[in-house]
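Notes for the structure review
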Amino acid sequence: MKAVTWQGKRDVRVENVPDPKIEEPTDAIIRITSTGLCGSDLHLYEVLTPFMTPGDILGHEPLGIVEEVGAGVPDLQAGDRVVVPFQIACGNCWMCLTGLQTQCETTQVHSEGMGAPIFGYTRLYGAVPGAQAEYLRVPQAQYGPIKVPEGPPDDRFVYLSDVLPTAWQAVAYADIPEGGSVAVLGLGPIGDMACRVARLRGAEQVFGVDLVPERLARVRERGVETFDLRSFHDEKELVEAIKDSTDGRGPDAVIDAVGTEAHGSHMARLVQNAAAVMPRKLSGPMAERLSVDRLTALHTAIEMVRRGGTLSISGVYGGMADPMPLLTMFDKQLQVRMGQANVRRWSDEIIPHLTDDDPLGVEDFATHRMPLSEAPQAYEMFQQKRDGAVKILMQP
C-alpha cells in the first residue's frame, strides 16, 4: 500500500509499504477514505525528530471502511463506516471507565513512561503505524472505532478522530461560566474549532488571537472578536487590549491552542534545531533530559487570564526542563487543565451537533483537499502557512 513516511526533519515521502494484517483478535483493518493533516504532525516534521525513526508512518485522523475484523471484535463488520480516535484505548480499564482514555492502563507505553499509544506519533507513544495511508491496522477495535452513517460526506465525521474532541475538551476544561468570556490563543484547526465550540456552549465573549490573516478572517466570520498579533508591539500590549474588553480583569478562561511552536524564544528554537540535526544516539537522550519549549503563548495566557480564572492547554508541549512562572500562577490562584483529548469521553456529546444544519461548520472546515500522493507538498504548505492552509484533508 501507499503511505506517508517520515524520513527526517522536513522530509516526508509517499512510499510503498507492506499492507497491515490482523495480528490480535481485537484488531480491525480499515480502508482509509479521508485522513487529516494535524498541527501535531508538524511537531514531528520539525521539532520532535529525536523521537522518530526513518520509515515511521504518519497520521492519526482517519475515517474509512472496515475491511476485516478479528474474532474479538463483535460489534464491527466489513463494510461499516467508522472514525478512528487518535489514541488506542481498551474501554474496560479503570482509566477508560472514568473518561481518561489517554491514560488507558491496558495500552500505556510503559517502556517510555507514557500514556496510551497514538497512531503515527513517535516512539514515546508506541511508534504505531499511522493513518496517512491506504489501510490502517486498528488495535483495540472492540472499543475505539466510532460507527457513523452512510450518506453525508467524510467531512461531516472525520474530525471526530481528533479536532472536534480536542477542541471540545479544551472548552470543557476551560470551565467558562454561562455568559462568560474566553480567549483562544492560536487559530489553527484546534483553536478555530475551540472558538466555535465555545460559542455553541454559551460563551458570551470569545476572543481569537493569531497573526495569520486567513485564520483571523475565518473566526471573525463566525462572530469571534479577533486580535492580530502583528498590531501590537509586544504581548503585554495584547494582554492589556483584551483586559480592556473584559472590564480590566481579563477573560474568565484562556485556551492555549498553540503549543511548542509558538513564535519567540530564539534560544529555545536554537536548542530544538540543534537536537533535530544531531545523531539520534545523542539527540534522543538530550531531548528527554534537557528539552525546552518556546513558551511565549503559555506565558501570555498566564498573564492574560483573570485572577481565579482557568487556563486550558490543548497545544502540545514536549519539553522536560521548561521554566514556569509558578509564583504568578499561585498568586493569581489559577486553575490549569491540560492533556491529550479523551476522544470517546466526548464523542457522544459531539455527535448530536453533526447534523444537516451543521452548527460547527464541519463540512466547509477544510481549506484544502489533496490526494495522498501530494502529502509532501501538503506538509510544506501547512508548515509555511501558505495559500490560507488551515486544515488539509487527504484522500488515498
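Residues numbered from 1 in each chain as written. Predicted model: local features only at pLDDT ≥ 70, side-chain atom pairs only at ≥ 80, totals over all residues. Heavy atoms only, no water.

Under an unreviewed UniProt entry, the name given to the chain is Zinc-dependent alcohol dehydrogenase, and the source organism is Streptomyces thermospinosisporus. One UniProt comment on the chain, placed under Cofactor (unreviewed entry), says "Zn(2+)". (UniProt positions renumbered as here; feature names shortened; annotations may be inferred.)

A few words on the environment of Gly180. Residue placement: Gly180 occurs in the loop between helix 3 (163-174) and strand 9 (181-185). You can call Gly180 buried: its relative accessible area is 7%. For Gly180 and Val206, which are 26 residues apart along the polypeptide, the C-alpha to C-alpha distance reads 8.7 Å. (Helix = DSSP H or I, 4+ residues; strand = E, 2+ residues; numbered from the N terminus. Buried < 20%, exposed > 50% of the residue type's maximum accessible area, 1.4 Å probe, protein only.)

A few words on the pattern of salt bridges. Going through the model one piece at a time under the given rule, you end up with 20 salt bridges. With a closest N to O distance of 2.8 Å, Asp11 and Arg13 form a salt bridge. Judged by relative accessible area, Asp11 falls into the partly exposed class, the value being 23%. With a closest N to O distance of 2.7 Å, Asp27 and Arg137 form a salt bridge. Of the two residues, Asp27 sits in the loop between strand 2 (11-16) and strand 3 (28-37) while Arg137 sits in strand 7 (residues 135-138), which places them 110 residues apart along the sequence. On the basis of relative accessible area, Asp27 is assigned to the buried category, the value being 0%. (Salt bridge = Lys/Arg side-chain N within 4 Å of Asp/Glu carboxyl O.)

Moving on, we come to the pairing of strand 9. If a strand is regular, its side chains alternate between the two faces of the sheet. When you tally the buried positions in strand 9, you get five out of five residues, the bulk of the element. Residues of strand 9 alternate between two faces, with Ser181, Ala183 and Leu185 on one and Val182 and Val184 on the opposite face, all of them buried. By the bridge criterion, five bridges tie strand 9 to strand 10 (residues 205-210) in an arrangement that is parallel. In the strand pairing of strand 10, Val184 is matched with Gly208. In the classification by handedness, the crossover that spans strand 9, the intervening helix 4 (residues 189-200) and the parallel strand 10 is right-handed. As judged from the four bridges shared by strand 9 and strand 12 (residues 253-256), these two strands associate in the parallel manner. Paired with Val182 across the two strands is Ala253, which belongs to strand 12. (Pairing = 2+ DSSP bridges. Right-handed = clockwise from strand over helix to strand, strands pointing away.)

With that out of the way, let us pick up the state of the cysteines. Tallied over the full model, the rule gives zero disulfides. Looking at Cys96, it has no disulfide partner, and the nearest cysteine sulfur is the one in Cys93, 3.7 Å off. Using a relative accessible area of 5% as the deciding quantity, one classes Cys96 as buried. (Disulfide = S-S within 2.5 Å.)

For the rest of this paragraph, the subject is the sheet that holds strand 2. In spatial order, the strands read 2-1-4; together these three strands make up an open sheet with antiparallel pairing. Bordering the open sheet on either side are strand 2 and strand 4 (56-57), each of which pairs with just one other strand. Alignment of strand 1 (residues 2-8) against strand 2, held across six bridges, turns out to be antiparallel. Bridging from a neighbouring strand, Lys2 pairs with Asn16 of strand 2. Contacts from helix 12 (residues 375-383) reach strand 1 and strand 2, with the element oriented near 160° to strand 2. (Contact = heavy atoms within 4.5 Å. Axes fitted to C-alpha atoms, helices over the stretch in contact; angles between N-to-C directions.)

Moving on to the packing of helix 3 against helix 4. Helix 4 packs onto helix 3 with a crossing angle of 55° between their chain directions and a minimal axis gap of 8 Å. In terms of their interaxial angle, helix 3 and helix 4 are classed as oblique. The two elements helix 3 and helix 4 meet at a crossing, and its hand is right-handed. Taking contact as the criterion, the partners of Val163, Leu164, Thr166, Ala167, Trp168 and Val171 in helix 3 are, on helix 4, Pro189, Ile190, Met193, Ala194, Val197, Ala198 and Leu200. Classifying every residue of the contact of helix 3 with helix 4 gives twelve nonpolar, one polar and no charged. (Parallel < 35°, antiparallel > 145°, perpendicular 65-115°, else oblique. Left-handed = near helix turned anticlockwise from the far one by under 90°. Nonpolar A, V, L, I, M, F, W, Y, C, P; charged D, E, K, R; others polar.)

Our focus in this paragraph is unusual backbone geometry. Within the chain, Asp175 stands out as a residue other than glycine whose phi angle is a positive 55°. Along the chain, the position of Asp175 falls in the loop between helix 3 and strand 9. Taking the relative accessible area as the measure of exposure, Asp175 reaches 53% and is therefore exposed. Unusually for a residue other than glycine, Gln333 sits at a positive phi of about 55°. Along the chain, the position of Gln333 falls in the loop between helix 10 (326-331) and strand 14 (335-338). For Gln333, a relative accessible area of 63% corresponds to the exposed category.

What follows concerns the sheet that holds strand 13 (residues 310-313). Read across the open sheet, the six strands follow the order 11-10-9-12-13-14; overall the sheet is parallel. On the outer flanks of this sheet lie strand 11 (225-228) and strand 14, each paired with one strand and no other. Strand-to-strand twist of the sheet, defined as the mean angle between neighbouring strand axes without regard to direction, takes the value 20°. Its contacts with the sheet put helix 5 (residues 213-220) on strand 10 and strand 11, and the angle it makes with strand 11 is roughly 165°.

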